[in-house]
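Chain by chain, the residues:
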There are 2 protein chains.
Amino acid sequence: MANPNKDFPLSYFAGKFDCAKSSISEDIKIIKEAIELQEAGIVVTSIGAKGGVKFVPSISDKEANEFLEYAKNRFAEGDRVLGSGFLFTSDILFDPKFAEGAGKIFAKRFAKLDADLVITIETKGIAVAEYTAQYLGLPLAVIRREAKISDGSTVSINYFSGSSDRIQKMSISKRLVKPGSKAIIIDDFVRGGGSISGMCNILAEFQSEALAAGIVLSVDDARHNMVSDFYPLMFLDSTELKNGHCVIKTNIL
Amino acid sequence: MANPNKDFPLSYFAGKFDCAKSSISEDIKIIKEAIELQEAGIVVTSIGAKGGVKFVPSISDKEANEFLEYAKNRFAEGDRVLGSGFLFTSDILFDPKFAEGAGKIFAKRFAKLDADLVITIETKGIAVAEYTAQYLGLPLAVIRREAKISDGSTVSINYFSGSSDRIQKMSISKRLVKPGSKAIIIDDFVRGGGSISGMCNILAEFQSEALAAGIVLSVDDARHNMVSDFYPLMFLDSTELKNGHCVIKTNIL
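Attention in this report is confined to the structure presented alongside it.

Conventions and cut-offs
Residues numbered from 1 in each chain as written. Chains lettered and ligands numbered in written order. Predicted model: local features only at pLDDT ≥ 70, side-chain atom pairs only at ≥ 80, totals over all residues. Heavy atoms only, no water. Pairing = 2+ DSSP bridges. Helix = DSSP H or I, 4+ residues; strand = E, 2+ residues; numbered from the N terminus. Axes fitted to C-alpha atoms, helices over the stretch in contact; angles between N-to-C directions. Contact = heavy atoms within 4.5 Å. Buried area = accessible area lost by both parts, 1.4 Å probe. Salt bridge = Lys/Arg side-chain N within 4 Å of Asp/Glu carboxyl O. Polar contact = N/O pair within 3.5 Å; in protein donor to acceptor, adjacent residues only side chain to side chain. Nonpolar A, V, L, I, M, F, W, Y, C, P; charged D, E, K, R; others polar. 1 Å grid on protein atoms, 1.4 Å probe; cavity = no way out; pocket = protein on both sides within 12 Å on 5 of 7 lines; lining within 4 Å. Points joined across faces, edges and corners; volume = space filled by probe spheres on them. Parallel < 35°, antiparallel > 145°, perpendicular 65-115°, else oblique. Left-handed = near helix turned anticlockwise from the far one by under 90°. Phe/Tyr/Trp six-rings, centres within 6.5 Å; stacked < 30°, edge-to-face > 60°. Buried < 20%, exposed > 50% of the residue type's maximum accessible area, 1.4 Å probe, protein only.

1. Section: the sheet that holds strand S11 (residues 209–219) of chain A
Residue and element names in this part refer to chain A. One open sheet accounts for 6 strands, arranged S7-S6-S10-S11-S12-S13; its pairing is mixed. Every other strand in the sheet has two partners, leaving strand S7 (140–143) and strand S13 (248–250) as the edge strands with one partner each. Shown here is a sheet whose adjacent strand axes are inclined to one another by a mean of 25°, direction ignored. With 8 bridges connecting them, strand S10 (residues 182–190) and S11 associate as parallel partners.

2. Quick word on the interface of chain B and chain A
Listed per partner, the contact involves 40 residues of chain B and 41 residues of chain A. Between chain B and chain A the total buried area reaches about 3,400 Å² when both faces are included, carbon and sulfur atoms providing 56% of it. Of all residues in chain B, the largest losses of buried area upon contact with chain A belong to B:Phe88, B:Glu130 and B:Arg175, amounting jointly to 18% of the total for that side. Our enumeration of links across chain B and chain A arrives at 0 salt bridges. Across the contact surface, chain B and chain A share 8 residue pairs in polar contact (both at pLDDT 80 or more). It is helix H6 (residues 126–136) of chain B that provides the largest number of residues to the side of chain B that touches chain A, a total of 6 residues. Per-class residue counts for the side of chain B that touches chain A are 18 nonpolar, 9 polar and 13 charged.

3. Points about empty space enclosed by the protein
By rolling a water-sized probe across the atoms, one finds the places where empty space is left. Residue and element names in this part refer to chain B. Following the criterion strictly, the structure yields 1 cavity of 30 Å³ or more and no others. Each pocket or cavity is described by its volume, and for the largest cavity that value is around 40 Å³. Looking at the lining of the largest cavity element by element, the count peaks at 3 residues for strand S9 (residues 166–173). When the residues that make up the lining of the largest cavity are grouped by side-chain class, the tally is 4 nonpolar, 3 polar and 3 charged.

4. A short note on the layout of surface pockets
What the second largest pocket holds in volume is close to 1,200 Å³. Of all elements in the fold, only strand S9 (166–173) of chain A together with strand S5 (86–87), strand S8 (154–161), S9, strand S10 (182–190), helix H7 (194–204) and strand S11 (209–219) of chain B reach the threshold of two or more residues within the lining of the second largest pocket. A per-class count over the lining of the second largest pocket returns 13 nonpolar, 14 polar and 18 charged.

5. Re the packing of helix H3 (residues 61–76) of chain A against helix H5 (residues 96–110) of chain A
All names here are of chain A. Interhelical geometry of H3 versus H5 gives an angle of 135° and a closest axis separation of 10 Å. Compared by their axis directions, H3 and H5 come out oblique. H3 and H5 meet at a crossing whose hand is left-handed. Residues Asp61, Ala64, Phe67, Leu68, Tyr70, Ala71 and Phe75 of H3 form the contact with H5, whose own contacting residues are Lys97, Phe98, Gly101, Ala102, Ile105 and Lys108. The residue inventory of the contact of H3 with H5, partitioned by class, reads 9 nonpolar, 1 polar and 3 charged.

6. A short note on the packing of aromatic side chains
Given two aromatic rings, one states the distance between the centres and the angle between the planes to describe the pair. Taken as a whole and assessed by the stated rule, the structure comprises 17 aromatic pairs over all chains. An angle of 90° between the planes, with centres 5.6 Å apart, marks the rings of A:Phe75 and A:Phe98 as edge-to-face. With A:Phe75 in helix H3 and A:Phe98 in helix H5, the pair connects residues that are 23 residues apart, well separated along the chain. Given the relative accessible area of 1%, A:Phe75 is considered buried. Judged by its relative accessible area of 0%, A:Phe98 is buried. Plain terms: the ring middles of B:Phe106 and B:Tyr231 are 6.1 Å apart, the flat faces sit at 85° to each other, and that makes the pair edge-to-face. Remark: B:Tyr231 occurs in strand S12 (residues 229–236) and B:Phe106 occurs in helix H5 (residues 96–110); sequence separation between them is 125 residues. Accessibility classification places B:Phe106 together with B:Tyr231 in one group, the buried group.

7. Section: the sheet that holds strand S1 (residues 8–9) of chain B
All names here are of chain B. Spatial ordering of the open sheet is given by S1-S3-S2, a layout of 3 strands whose pairing is antiparallel. Single-partner strands in this sheet number two, and they are S1 and strand S2 (41–46). One ladder, built from 6 bridges, connects S2 with strand S3 (residues 52–57); its direction is antiparallel. In the strand pairing of S3, Ile42 is matched with Val56. Here helix H2 (residues 21–37) sits on the sheet in contact with S2 and S3, set at roughly 150° to S2.

8. Notes on the side chain of B:Glu122
Assignment of secondary structure puts B:Glu122 in the loop between strand S6 (117–121) and H6. Here the side chain of B:Glu122 touches B:Arg144 through a polar contact of 3.1 Å, side chain to side chain. Within polar-contact distance, the side chain of B:Glu122 engages the backbone nitrogen of B:Arg145 at 2.7 Å. With sequence-adjacent residues up to four places away left out, B:Glu122 is seen in contact with A:Thr123, B:Val142, B:Ile143, B:Arg144, B:Arg145 and B:Glu146.

All we've got here are geometric facts, nothing functional implied.
Here's what the structure looks like:
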């Protein structure tokens, strides 16, 4: 379960627990039943001499929706509304409990897309993107604002950021995206969608594309026409925010 | 196990599985034995009317040292040495398999320190810091290079970065550190130790202190006198690096 989406041959467990493959096979049936009954994931077994087993994690719809309620309440609690229509979110976004839950929901939503990597732009979406990548069994590529010497050669683009109302730059190491890749974008916040367009454009520089975008908080009902599956966990009411109130609607999985 | 270091009353499980607390209690004994036999962690039960149980995750010394060998080989493989004595590490540092393993080792090393939070500076140490926080059951505070409007009011300091050979700035939201906190620093790379001093100094602005620092890669045998437990997973030979070779020694837990 700690290595989601990875195939293990039965001989791995037979060796680890010093017993026959047939016993492992029976135990796996019990484990499969227990896990699937709880909707914690799916256990996929393949038969034959090279037969193996892998764990595809998931979260039940009930748990997902309970998590979204919990998340909504956390963002709405306390004194998070800053001046000029911003919300303080950094503590929640890096809280492992929150980030892991959000990652699980995105992984469930995007599990069937057959993507090659998860991609995000620094900084506040990184923890959620990391858990999404973990649960999908994919690598994570992190786009930087500024290229660093330790990135090696990079590709950079300029884009218009609605949140900061100015032209911004994003930059990614050429080593992080193989040409022809299919990516899932994860980000913490969408207002005008400029950074999502930017990420799509930077992927295009690698003849690669974004299949989907998972967003933690979308301002109002932001949409995006450059990805076919655009899924925000929550919608934040911008008019209320400007008046100092945090009003959030959850977006049921 | 998905909520490490969190106390659950037995009634939680009795309700969830619709059975008597005494049955739960017996099952927990079996689970405790299995987990502790494998050195995957410790199951702590407290008795009495408010009796509960919590899972403190760990990793066996054997597994930890196998992981360090695996990590060393990943950094040494392929063509990672960049010009001017830098190593390309971003893909490994955000790979969930690597980051989770490193986080588990740091959590084991620092489990008894009774810290209040994990702290890191953006960007490349964030994934490792996130898993460290998860396994310790602590929040993660991320220091930014530049204060953002969504951070609210911030504390900033300037520090000398040996890696970039210039004065740099770090900035943290005042909301992220409570006065009097005890922190564990996590970072991906130490050369001169400037960013660790910076993090200690920024913590001091909150009358808080760093108890320990967990580093993925230390250049040569870097030490740091501002934290009492300074623990790098690996040492990178700077002379070899300048000659285009990646020579790494692991630092056994």
